[in-house]
Amino acid sequence: MKRYFFLLVCLTGFFLSGCATKKYKNVKYLNSFTLINAAEPKLNIFVPRHKKQESLPVLIYVHGGNWNTGNKDIYGFFGRNFAKKQVITVLPDYTKSPDATYNEMTHQIAEAIRWTQQHISEYGGDPAKIYLTGHSAGGHLISLATLNPKYNIDPKSISGIILNDAAGLDMKHYLEENPPNTENNYLTTWSNKPETWRDASPIYFLDEQSPPFMIYIGNKTYPSIKVANARFLEALQPLQPAVEPIRPNKKHIPMILQYFWPWSPRFDEVIAFMLKK
């Protein structure tokens, strides 16, 4: 009986959110796609059916999955629940390893950001109020796309970055202690070149122009994520001394599953951060 009740609650939440929002599915965002043996990634957009103002803030969410798994369609709950709260939400897919390196993935996410800046007004979004968020590997990709200048995203054009248990913030440090091999496709993703590891690490590109950060770290998350976030926070502190990480008492995967329920306090926290600017 409890199982059926839980299923009923889940279905009720889905349909209520679905009625309040509209989804634009599999929108093309890449100017070109040349990777072999991989499908072209696209993005989904969630908007409220009844907007309370003409132009709404925009949140781009990039999913995690250790750079080799996952897809945007798993996270429709994230897009629907934010759209229900008057935040237009964009969920891009990206090509995973071994079909793409971290660099190719980041170029795709940078293109998704540029596409959003150029086109989100067509969906009722405000291109001057674009925020980025990502869980796990997604946190790495949004940070690197914005902070490393080679991806040509003006950091001043991003209103803020929300990291959710982000992985890979200092891959140089991690891979020096854990050299990449074929497990989890890490050799394909990162190569065996230390200079490449540094180029892949957002921590080394923080500066005075970096967008404001909001950071979540699970108290029960993986040790490698705790270490990388501690190093990132230490580097960020002189630049943004007011940043204090929020530490829910959760493991890594539950850090994103919090957003399944529209009454999660995470929504109020994130939206409050977005409204500061």
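Note that residues are indexed from 1 along each chain, following the sequence as it is written. With the structure being a predicted model, the display of local features is reserved for residues of pLDDT at least 70 and the display and counting of side-chain atom pairs for 80 or more, all residues being used for whole-chain, interface and lining totals. For the side-chain quantities, the full set of heavy atoms in the structure was used; hydrogens and water were omitted.

Chemist: Residue-level account of helix α3 (residues 102–119), with values.
Modeler: The numbering of helices and of strands both runs from the N terminus, where a helix is a DSSP run of H or I of at least 4 residues and a strand a run of E of at least 2. Expected helix span is taken as 1.5 Å per residue step, with the number of steps being one fewer than the number of residues. Given a rise of 1.5 Å per residue, 18 residues ought to cover 26 Å, and the 26 Å separating the end C-alpha atoms of α3 matches this to within 8%. Remark: exposure states derive from per-residue accessible area (1.4 Å probe, protein chains only) relative to the maximum for the residue type, with buried under 20%, exposed over 50%, and partly exposed in between. Considered for burial, the residues of α3 that qualify are Y102, M105, T106, Q108, I109, A110, E111, A112, I113, W115 and T116.

Chemist: Outline the sheet that holds strand β4 (residues 88–92), listing residues and values.
Modeler: The rule for pairing is simple: two strands pair if DSSP sees at least two bridges between them. Overall, mixed pairing links the seven strands, which are arranged β1-β2-β4-β3-β5-β6-β7 in an open sheet. Only two strands of the sheet have a single partner each, and these edge strands are β1 (21–27) and β7 (213–216). Sheet twist, expressed as the mean angle between neighbouring strand axes with direction ignored, is 20 degrees. Here six bridges tie strand β3 (residues 56–62) to strand β5 (residues 125–135), and the two strands are oriented parallel to one another. The residue of β5 that forms the bridge with V62 is G134. Set on the sheet, helix α4 (residues 137–147) makes contact with β3, β5, β6 (160–164) and β7; between it and β5 the angle comes to about 135 degrees. For every element, the axis is a line fit to its C-alpha atoms; helices are fit only across the contacting stretch, and the angle between N-to-C directions ranges from 0 to 180 degrees. Residue contacts are counted whenever heavy atoms from the two residues lie within 4.5 Å of one another.

Chemist: Go over unusual backbone geometry with me, naming the residues and quoting the values.
Modeler: A cis amide bond links S97 with the next residue in sequence, P98, at an omega value of 10 degrees. Here the phi dihedral of W67 falls at roughly 65 degrees; this positive angle occurs in a residue that is not glycine. Of note, W67 is situated in the loop between β3 and α2 (76–84). On the basis of relative accessible area, W67 is assigned to the buried category, the value being 3%. Within the chain, N152 stands out as a residue other than glycine whose phi angle is a positive 60 degrees. Tracing the sequence through the fold places N152 in the loop between α4 and β6.

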